[in-house]
Amino acid sequence: MEKLATKGFRVNVENMNFAEQQMALMFYYDLFQDAGRYTNLQGMFNDLSLDNLFCDEMRELVVLLKNRCEAYEMKDNSSIMNLPLKLHGVYTKDQIFVAIGTSSIDKKSSCREGCERNKRLNLEAMFVDIIKDREEGSNTNYNDFAINESLFNWETQNKVSPTSQAGQNYINETQTMLLFVRQQDSYPEDKGRTMGFTYLGEVKMVRWQSAKPMEIVWRLKTPMPASVLNIAKHRAVG
């Protein structure tokens, strides 16, 4: 973003590599939140470059946000080639859908569940809210929590059993599993502002039990940072 803003968004998309183009598409969704506003990224950049006020403000904003960022980002540890995510970086769902290839400039992912699959890349992203929103009067306990910095306990959707296709995928480890965690959907002091997910990277199954839902313990390839562990290590009642 700093590089693009410095150039006043006067860029040639064809000169970007695949990961840079995907990050540019994340930026598109940051601005517009929906598909179809442009037919290609070049058209977006061409228009942005004509708005001098926007370019000036973006140059100032990127520096401000960069200095404020507290996430210590690392190289992605997944087996997915050219995944445009940084390990322990914080991302919105729209950005993640672009990164895993389920949103494009002309089609946005319709996923509203706690996981999103890309069958072409044979991967699944798990989205975990440690503190859940639930209906008034519900006393459901949620078993999504960190056991320690390297192990995470996760429950599937209620419909998943060991004999289902999804359950078999987990048990036989037929797909790459990526874990994204946040404290809760929105900030307590500002319900209108959505929290981002911290990307904890690729995970491998350690064990499973139960059915509908299945309960699975995942091992992180890279231990989670202490800041996330402090949030995620407690069992939470929504």
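Keep in mind that this is a model prediction, so the values were computed, not measured.

Calculation rules
- Residues numbered from 1 in each chain as written.
- Predicted model: local features only at pLDDT ≥ 70, side-chain atom pairs only at ≥ 80, totals over all residues.
- Heavy atoms only, no water.
- Disulfide = S-S within 2.5 Å.
- pLDDT = per-residue confidence, 0-100.
- Contact = heavy atoms within 4.5 Å.
- Buried < 20%, exposed > 50% of the residue type's maximum accessible area, 1.4 Å probe, protein only.
- Helix = DSSP H or I, 4+ residues; strand = E, 2+ residues; numbered from the N terminus.
- Pairing = 2+ DSSP bridges.
- Arc of directions from axis to C-beta.
- Polar contact = N/O pair within 3.5 Å; in protein donor to acceptor, adjacent residues only side chain to side chain.
- Core = buried A, V, L, I, M, F, W, Y, C linked by side-chain atoms within 4.5 Å.

### Section: the state of the cysteines
Here's step 1: All told, the structure shown has zero disulfides when counted by the stated rule.
Here's step 2: Just so you know, cysteine 115 is unpaired, no disulfide at all, and the nearest cysteine sulfur is the one on cysteine 111, 6.6 Å from it.

### A few points about the confidence of the model for the protein
Here's step 1: Per-residue pLDDT for the protein has a mean of 91; in total, 94% of the residues score no lower than 70.
Here's step 2: Contacts of residues 135-140 to residues separated by more than four positions or lying in other chains number four contacts, the stretch itself having pLDDT below 50.

### Remarks on the pairing of strand E11 (residues 215-220)
Here's step 1: When you tally the buried positions in E11, you get five out of six residues, the bulk of the element.
Here's step 2: The pairing of strand E6 (residues 151-155) with E11 spans five bridges and is antiparallel. The residue of E11 that forms the bridge with leucine 151 is arginine 219.
Here's step 3: Sheet analysis places strand E10 (residues 197-209) next to E11, joined by six bridges and oriented antiparallel.

### Let's talk about helix H6 (residues 165-172)
Note that an α-helix has 3.6 residues per turn; residues three or four places apart therefore point the same way.
Here's step 1: Residues of H6 that are buried include every one of Ala166, Gly167, Asn169 and Tyr170, and no others. Along the axis of H6, the buried positions cluster into a sector of 160 degrees, meaning they face one direction only.
Here's step 2: For H6, the secondary structure elements touched by its buried residues are strand E2 (115-118), strand E3 (123-129), E6, strand E7 (176-182), E10 and E11.
Here's step 3: Backbone geometry just after H6 places glutamate 173 at a positive phi near 50 degrees.

### Observations concerning the side chain of threonine 156
Here's step 1: Structurally, threonine 156 is set in the loop between E6 and H6.
Here's step 2: There is a polar contact of 2.9 Å between the side chain of threonine 156 and the backbone nitrogen of methionine 214.
Here's step 3: Contacts of threonine 156, omitting those with residues within four sequence positions, involve Tyr170, Pro213, Met214 and Ile216.

### A look at the nonpolar core
Here's step 1: The biggest cluster of nonpolar side chains holds 41 residues, and the ones touching the most others in it are Phe9, Tyr28, Leu41, Met44, Phe45 and Phe180.
Here's step 2: Those elements that place two or more of their residues in this core are helix H1 (2-6), helix H2 (18-32), helix H3 (41-49), helix H4 (52-68), helix H5 (93-99), E3, E7 and E10.
Here's step 3: When residues of this core are assigned to their parent elements, the largest contribution, seven residues, is made by H2.
Here's step 4: When near neighbours in sequence (up to four residues on either side) are disregarded, leucine 41 contacts Val13, Gln21, Ala24, Leu25, Tyr28 and Ile105.
Here's step 5: Counting 23 residues, the second-largest nonpolar core is a separate cluster that includes Ile130, Trp154, Met177 and Met224.

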